[in-house]
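# Observations on the model geometry
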Amino acid sequence: MCGIIGYIGKPPVVETLLDGLSRLEYRGYDSAGIAVLNGNGIRVYKRAGKVKDLRATLQHQSLDGHVGISHCRWATHGVPSDINAHPHVDCRGQLALVHNGIIENYAELKAKLLSQGHRFQSQTDTEVIAHLVEEHAKRLSLGEAFRKALQELRGSYALALVATSDPNHVYGARCGSPLIVGVGKGEMFLASDVPAVLAKTRRVIYLNDQEVIEMSSSGVQIMTLEGKPIKRKPSQVTWNLASAQKEGYDHFMLKEIHEQPNAVEQTLFNRLASTAPQITFDRRTTTLLNRLSPDERIVILACGTAYHAGMVGEYMLEEFAKIPVDVDLASEFRYRGIPVDPNTTVLAITQSGETADTLAGVRLAKSQGAKILSICNVMGSSIARESDAVIYTHAGPEIAVASTKAYTSQLTALYLLTLYLAKSHGALDPKRWQELAEGLCRLPELIEKALSTERAIKLIARRYASARDFYYLGRRYNFPSAMEGALKLKEICPTIHAEGYAAGEMKHGPISLIRKGWPVVFLATDSPVYEKVISNIEEVRARKGECIVIASEGNKTIRRHADALIAVPKTEELFSPVIVAVPLQLLAYHIAKLNKCDIDQPPNLAKSVTVE
Ligand code: M6R
């Protein structure tokens, strides 16, 4: 949450910073700000609102300079306002900094700094860092003062700092919040995430926790908090700029929904071939999986949409690989003392690889001896680096706050994992294994077909866009799908209340709310519980609820149970969560669009949840 950028190189610095910032806006969008350093000192512009509002403010300013920092905010301490927006400055306005994270001991630091005569302007935790550096810089060089200040902070941070006393450097540091260095030609970048620098460079250095940098236009020095130098070479990023742009779509979410056939193909690429009856992973993943015995436990940790993928993962790993699995919300796992030991493999599922709760869960499990395997989209992210092995989804950058292609590619990685373990543990008859492997190979093509439901879905969306409550119901593999469908809708259309339930749970409480016209989305694709789902549909219809049914193509009888029908390609039950995800995402998207919602940047949310 919050995006930061630092830049040093060539003018016009403002355009470079704003362009990068607009690509980080998915991380926070309640306020934005910029500080530019030139011969006349530091000029700071900041305001509540989005990057476009900041851009409008800057339109009539002539801001030259070759060094600057900028920030987009997701408020933690202090309401979104002009004053609380970053950058924050010291008493004399001689240094400015931007911050992503939370300083937990800010109150005690602030009290001390106030007693030393520092004057504060904002209610943020961040401002203490500016004053702390100012205080130490009375006796030390800027670099030393910065490092000394960092040693006093408790909490998480990614920081970028500029100061008039050292106009040829940008300083940065990370601890618990992501930060990368972009290496250009005669220009250097510091950013929370790779898309911010993609327009300028694909050479990137990933920083680790407790690392500090001093960046000039020609290079970067990385060091420890104590100033000990660290050597690290840049990596080449495979993502390109087009993948981080809307390319004609109205929203990133819609673009990413349509990218799913390709994203899933990328997850399968080089790992499963329809001709060879085997799954191939990289060496570290293979070693970890080959050491996993059938009586070992897998604990899946994730949040939000990734947790829904984990729920599907639990069902398939238990059914086909016969391995006992627990799936836990990372935010619960980290505080509830669940026993893990060297006989536990923790499987962390995360798009960003930076989600604070998932990262904390991984660290806790690791400290207790568990092995860590992760399913992750962002290369070089914290969770990827702290895992013993990683199955990268290779879905490309996901910019919209609502997760779509990350989800279906996480499911795809789970299918690969399940088939790998089912085979290595001899848990599945070879003929059945081959059938499933062939089904998995066909997923991209089936997703493409599922996308063709969009026209029908637009009409359904129009019919139900004014409803204020929705239920989503499914059983077995599509119980998590129901939760995911409801999350998509309430996330991007905040005027609507939506709940996902196991269809069999309706009669234990939720059915009491059903009244005339209440829309209920049913997942009724082919499965061993299909008839049970039909009974649940009838229970809702008997109470005059409206049933929007997603069913398998070729089902001749379903129409009589449905007020609105979406037919999706037939597939094995375990693959159906991928196929039904597509109409669920499209339905949420088109309802939100009709309700004129801010689809890519819904209120109160941020893409990467790097605070607790
Ligand atoms: O980056 P992660 O996969 O760890 O993120 C986890 C959740 O924050 C995320 O899936 C969130 O629920 C999505 N915005 C839902 O669409």
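As a starting point, this report considers the structure included with it. (Residues numbered from 1 in each chain as written. Predicted model: local features only at pLDDT ≥ 70, side-chain atom pairs only at ≥ 80, totals over all residues. Heavy atoms only, no water.)

Our next topic: the packing of aromatic side chains. Taken as a whole, this structure holds eight aromatic pairs when the rule is applied. Here the aromatic rings of Tyr-471 and Trp-518 are separated by 5.0 Å at their centres, their planes lie at 40°, and the arrangement is tilted. Linking Tyr-471 in strand S21 (residues 469–474) with Trp-518 in the loop between strand S22 (497–502) and strand S23 (519–524), this pair joins segments that are 47 residues apart in sequence. The rings of Tyr-471, Tyr-501 and Trp-518 are connected pair by pair, giving a single aromatic cluster. (Phe/Tyr/Trp six-rings, centres within 6.5 Å; stacked < 30°, edge-to-face > 60°. Helix = DSSP H or I, 4+ residues; strand = E, 2+ residues; numbered from the N terminus.)

Take the sheet that holds strand S7 (residues 155–163) next. Two orientations exist for strands paired in a sheet by backbone hydrogen bonds: parallel and antiparallel. Read from one edge of the open sheet, seven strands run S5-S6-S7-S8-S12-S13-S14, paired in antiparallel fashion. The sheet is open, and its two borders are formed by strand S5 (88–89) and strand S14 (229–230), each paired with just one other strand. The pairing of strand S12 (residues 211–216) with strand S13 (residues 219–224) spans six bridges and is classified as antiparallel. For Val-212, the partnering residue across the bridge sits in S13 and is Met-223. Across the sheet, helix H4 (residues 127–136) lies against S5, strand S6 (95–103) and S7, angled at about 130° from S6, the strand it touches most. (Pairing = 2+ DSSP bridges. Contact = heavy atoms within 4.5 Å. Axes fitted to C-alpha atoms, helices over the stretch in contact; angles between N-to-C directions.)

For the rest of this paragraph, the subject is the site of the ligand. What surrounds the ligand is a group of 15 residues, the closest being Thr-350, Gln-351, Ser-352, Thr-355 and Glu-491. Thr-305 is positioned such that a nitrogen or oxygen atom in its backbone is 3.1 Å from an oxygen atom of the ligand. For the ligand, a nitrogen atom lies 2.6 Å from a polar atom in the side chain of Glu-491. Against a free-state accessible area of 420 Å², the protein chains account for coverage of 91% of the ligand. Elements represented by at least two residues in the shell around the ligand include exactly helix H9 (304–320) and helix H17 (478–492). Looking at the shell around the ligand, its residues break down into six nonpolar, seven polar and two charged. (Near = heavy atom within 4 Å. Polar contact = N/O pair within 3.5 Å; in protein donor to acceptor, adjacent residues only side chain to side chain. Areas by Shrake-Rupley, 256 points an atom, 1.4 Å probe, with all protein chains shown as cover. Nonpolar A, V, L, I, M, F, W, Y, C, P; charged D, E, K, R; others polar.)

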